[in-house]
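Residues per chain are reported as follows:
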Amino acid sequence: MAQPLRSPAALQILPSACPMDCPDACSLDVQVEDGRVVKVDGSRVNPYTQGYICSKVRRFPDLLYGEGRLLYPAVRRGAKGEGGFARISWNEALDLAAAKLRAARERLGGESILPFSDGGSNGLLTQDTTDARLFYRLGASRLARTVCSVPTSMAAAGLYGKMAGVALPDYIHSRLIGVWGVNPSTTGIHLIPVLQEAQRRGAKLVVIDPRRTQLARKADLHLAPRPGTDLPIALAVIRWLFETGRADLAFLAQHAHGADELRARALPWTFERAAAVSGVPAEDLERFARLYAETSPAVLRIGWGFERNRNGGSAAAAALALPAVAGKFGVRGGGYTMSNSGLWGALDRPAALCEQEPATRILNMNRLGRDLLERQDPPVAVLFVYNCNPAATLPNQEMVLRGLRREDLFTIVFEQVWTDTARWADLVLPATTFFEHEEMSRGYGSMILHRSPAVAEAAGEARPNYEVFADLCRRLGLARPGEPETAAALGDALLAGAPRLRAAIERDGFAYPDSGWAPIQFVDAFPLTPDGKIHLVPEALDREAPLGLYGFQDDPATRAYPLALISPATNRTISSTLGHLYKGIATLEMHPQDAGPRGLRTGDTVRVWNDLGEVRVPVRVSPDVRPGVVFLPKGLWSRHTLSGTTANALAPDTFTDLGGGACFNDARVQVELSP
Ligand SMILES: Nc1nc2c(c(=O)[nH]1)N[C@H]1C(S)=C(S)[C@@H](COP(=O)(O)OP(=O)(O)OC[C@H]3O[C@@H](n4cnc5c(=O)[nH]c(N)nc54)[C@H](O)[C@@H]3O)O[C@H]1N2
Ligand SMILES: Nc1nc2c(c(=O)[nH]1)N[C@H]1C(S)=C(S)[C@@H](COP(=O)(O)OP(=O)(O)OC[C@H]3O[C@@H](n4cnc5c(=O)[nH]c(N)nc54)[C@H](O)[C@@H]3O)O[C@H]1N2
Ligand code: SF4
Ligand SMILES: [Mo]
């Protein structure tokens, strides 16, 4: 059971940490009154987040106690998707879930069960613990979690073995900062004061983004490429570094393999050719290359907006190759930062799981719609959704919804709130939030690991993931005596192989990674590849990319669908989380050069469409997106558009060049005044 929290004092301030899908991992002070969260503030435990937090998590009490919170287990009454549900007890709900899982396994085999989760809470105890144990033992299909960070992670692992990145606070030591395909004003706010301080100390800021973001306005140089063209930009800089004698050949000889091959692959990419493809003037590309070559320490902050297209993996590899070619490592504030999620290798998943991963089939989450509708070997009979809102967040939304509509599919949705996905469920189970259960979490920007207790009582009958999946293991006869089931036992098992982390967590509630919280690349942190070298053209990646690594795939635009639709994050939601708290209708942003010929003015309702679907929303004409690009926010719910569909109704379920990642920003569309 969730631990009910009883305390003598009515009002308390309790420590916690934010596990949301955000690089920053804020430490929190939570005001709790009679077991309820009344206010959420930042605390100073995490030296990077400095006591302040975003407005999203400040609003969390509205999620906890507001309309839309899922409070009790319920079964569907009436037609799928119509939202009719009847309350049942936990015992009935878990018996029903167990019966459906058992029946599917007996009738069609374990692979007819598809567990569907994607780190919605990002906590280490609420995913890949007792849930994985249950689904492994059932022999369920495995899910390739490809919707985020797969191409960038593969590139980072291939080139550097996921070496620790430059610590974000160390950017104050940088003289040049390249912010590339990432928008920290929205998606990692604690970097902003660091950038301001660096600029005050004289650092130059370059922003590479198809939109003129808040940060781009403050930049010394803003390059606004067509989406998906960062690869030619990076290759053109690499070419120029080699061809003008600015490459650090001594560093490359000592630390890297594949420099000659990379040089050969970059050779065709003159600034002129990269300019023609990317739409960034050749002079600006050269200005960036010169600044980068001539300034040290120079750091590149590379993000995820960068990867959500057909060239995402190769582009990430090329951008990551830059600091090696230009010799930018070995100084504080020099190098690159991508994701720092790979710094916690000492956490012992097998000890927590007590189970080996079976070799069952792997389904790519980007193709959920297709898999629900077309798979026959066996078909998916039970879909178990948790930590995820696929009806809102997956590409090819129309197909996902058609799949969820299937009468012979039993869908279980384990959720905190009534999401768009929960509406399609046959059975819903109420989940606790990180304020209501014990959690362990780490930042993927911040280099910190937190262990945080429950601070509030569970709303309604909500229960934590680890408890519910452990219970299902027992009901299905799959539990074994003595294996960790509680948060305390699971947390201890994870830390079992990491005595230093465990001691720090026990003493302070948090820990820093082995590389420390501010490592210098090539001084304190080195490539974690098997031979400790940088691999500029790793063989495995070269084999996987359709045109070989660094091979550029053309823009998917057609005459019928000439505009690139991108859907980056907004400061209202975290992916789709908290979306139900906003009632307004979203707008499509469009450049005057695209709006003019279509006769569109701000406030007009437009139809945005392609062969996959259609969205109707008001348009906002603005010079802040580059011509040829339109923008609708990520994470919208059905209620946020006039058509009930979102950007994902227009996003293809094609794959990135590496890792089968999502190509949200490869959506190509046409826009007209809505009839
Ligand atoms: N407020 C808030 N914070 C979040 C999230 C959220 O939804 N809301 N989501 C969290 C998650 S899950 C993630 S993965 C991270 C993502 O964080 P970011 O990496 O910042 O990802 P995005 O917001 O998708 O895109 C960032 C920028 O990339 C630009 N962009 C789009 N296509 C291209 C391109 O081809 N090239 C270049 N150079 N730029 C491009 C977009 O215009 C956008 O400004 O943020 C996390 N933090
Ligand atoms: N168009 C477009 N779509 C995108 C993106 C984009 O850039 N453009 N970005 C993609 C990216 S980067 C990501 S990461 C994905 C994220 O997409 P999702 O993985 O669907 O993430 P969320 O939308 O945050 O939904 C997470 C859900 O998990 C629930 N949850 C949280 N904690 C718990 C828990 O402890 N237990 C249970 N049972 N439930 C919990 C929350 O209530 C929430 O509804 O979206 C992707 N979708
Ligand atoms: S979402 Fe990010 S910025 Fe907001 S409180 Fe959580 S860690 Fe901090
Ligand atoms: Mo993400």
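Residues numbered from 1 in each chain as written. Chains lettered and ligands numbered in written order. Predicted model: local features only at pLDDT ≥ 70, side-chain atom pairs only at ≥ 80, totals over all residues. Heavy atoms only, no water.

### Comments concerning the packing of aromatic side chains
Thinking step 1. Within this structure, the stated rule accounts for 25 aromatic pairs.
Thinking step 2. When the centroid spacing of 5.9 Å and the interplanar angle of 90° are considered together, the rings of W180 and F288 count as edge-to-face. Highlighted residues: W180 in strand β8 (residues 176-180) and F288 in helix α13 (residues 282-294), separated in sequence by 108 residues. The pair formed by W180 and F288 is uniform in burial state, with each residue classed as buried.
Thinking step 3. Aromatic pair F329 and Y336: ring centres 6.2 Å apart, planes at 75°, arrangement edge-to-face. (Phe/Tyr/Trp six-rings, centres within 6.5 Å; stacked < 30°, edge-to-face > 60°. Helix = DSSP H or I, 4+ residues; strand = E, 2+ residues; numbered from the N terminus. Buried < 20%, exposed > 50% of the residue type's maximum accessible area, 1.4 Å probe, protein only.)

### Examining the domain arrangement of the protein chain
Thinking step 1. On domain assignment, one finds that the protein chain holds domain 1 (1-84 + 99-141 + 360-485), domain 2 (151-341 + 519-544) and domain 3 (563-673).
Thinking step 2. For domain 2 versus domain 3, the separation of C-alpha centres amounts to 28 Å.
Thinking step 3. Buried surface at the junction of domain 2 and domain 3, both sides included, amounts to about 2000 Å², of which 53% is carbon and sulfur.
Thinking step 4. Our count for the contact surface shared by domain 2 and domain 3 stands at 3 salt bridges.
Thinking step 5. Applying the counting criterion to the domain 2 and domain 3 interface returns 10 residue pairs in polar contact (both at pLDDT 80 or more).
Thinking step 6. Secondary-structure elements contributing two or more residues to the side of domain 2 that touches domain 3 are α5 (150-160), α6 (184-187), α14 (312-326) and α22 (539-544).
Thinking step 7. At 3 residues, α14 tops the list of elements feeding residues into the side of domain 2 that touches domain 3.
Thinking step 8. Broken down by class, the residue content of the side of domain 2 that touches domain 3 amounts to 7 nonpolar, 10 polar and 8 charged. (Domains from an automatic or database assignment. Buried area = accessible area lost by both parts, 1.4 Å probe. Salt bridge = Lys/Arg side-chain N within 4 Å of Asp/Glu carboxyl O. Polar contact = N/O pair within 3.5 Å; in protein donor to acceptor, adjacent residues only side chain to side chain. Nonpolar A, V, L, I, M, F, W, Y, C, P; charged D, E, K, R; others polar.)

### A word on the sheet that holds strand β10 (residues 221-223)
Thinking step 1. Overall, parallel pairing links the 5 strands, which are arranged β10-β9-β8-β12-β13 in an open sheet. In this open sheet, the two edge strands, each paired with only one partner strand, are β10 and β13 (335-337). Direction aside, neighbouring strands of the sheet carry axes that sit 15° apart on average.
Thinking step 2. Pairing between strand β9 (residues 204-208) and β10: 3 bridges, direction parallel. (Pairing = 2+ DSSP bridges. Axes fitted to C-alpha atoms, helices over the stretch in contact; angles between N-to-C directions.)

### A closer look at the pattern of salt bridges
Thinking step 1. Taken as a whole, this structure holds 48 salt bridges when the rule is applied.
Thinking step 2. For E355, the salt bridge is made with R137, and the minimal N-O distance between the two is 2.9 Å. Of this pair, E355 sits in the loop between α15 (349-353) and β14 (362-364) while R137 sits in helix α4 (residues 130-138), and the two are 218 residues apart along the sequence.
Thinking step 3. Given a relative accessible area of 9%, R137 falls into the buried group.
Thinking step 4. Measuring nitrogen to oxygen at the nearest pair gives 3.0 Å for the salt bridge that ties E506 to R502.

### Observations regarding the site of ligand 3
Thinking step 1. Around ligand 3, the structure places C18, C22, A25, C26, I53, C54, V57, H190 and I574.
Thinking step 2. A breakdown of the residues in the shell around ligand 3 according to their chemical character gives 8 nonpolar, 1 polar and no charged. (Near = heavy atom within 4 Å.)

### What to know about the environment of A247
Thinking step 1. Here A247 lies in the loop between α9 (230-243) and α10 (249-255).
Thinking step 2. Judged by relative accessible area, which is 12%, A247 ranks as buried.
Thinking step 3. When the C-alpha atoms of A247 and F526 are compared, they prove to be 20 Å apart, with 279 residues separating the residues in sequence.
Thinking step 4. Filtering out sequence-adjacent residues up to four positions away, A247 remains in contact with L241, F242 and V325. (Contact = heavy atoms within 4.5 Å.)

### Side note on helix α11 (residues 259-266)
Thinking step 1. Residues A259, L262 and A266 constitute the buried set of α11. Relative to the axis of α11, the buried residues are bounded by an arc of 65° and lie together on one face. (Arc of directions from axis to C-beta.)

### Focus: unusual backbone geometry
The bulk of non-glycine residues show a negative phi, and the bulk of peptide bonds are trans.
Thinking step 1. A cis amide bond, omega -5°, links S296 with the succeeding residue P297.
Thinking step 2. For P297, the location among the structural elements is in the loop between α13 and β12 (298-302).
Thinking step 3. Looking along the chain, the bond that leaves D377 and enters P378 is cis, with omega of 0°.
Thinking step 4. In this structure, P378 sits in the loop between α16 (368-374) and β15 (382-386).
Thinking step 5. For D128, which is not glycine, the phi dihedral falls at a positive 65°.
Thinking step 6. Here D128 shows up in the loop between β6 (113-116) and α4.
Thinking step 7. Using a relative accessible area of 24% as the deciding quantity, one classes D128 as partly exposed.
Thinking step 8. Of note, K162 is a non-glycine position whose phi angle comes to about 55°, a positive value.
Thinking step 9. Looking at where K162 falls in the secondary structure, it is placed in the loop between α5 and β8.

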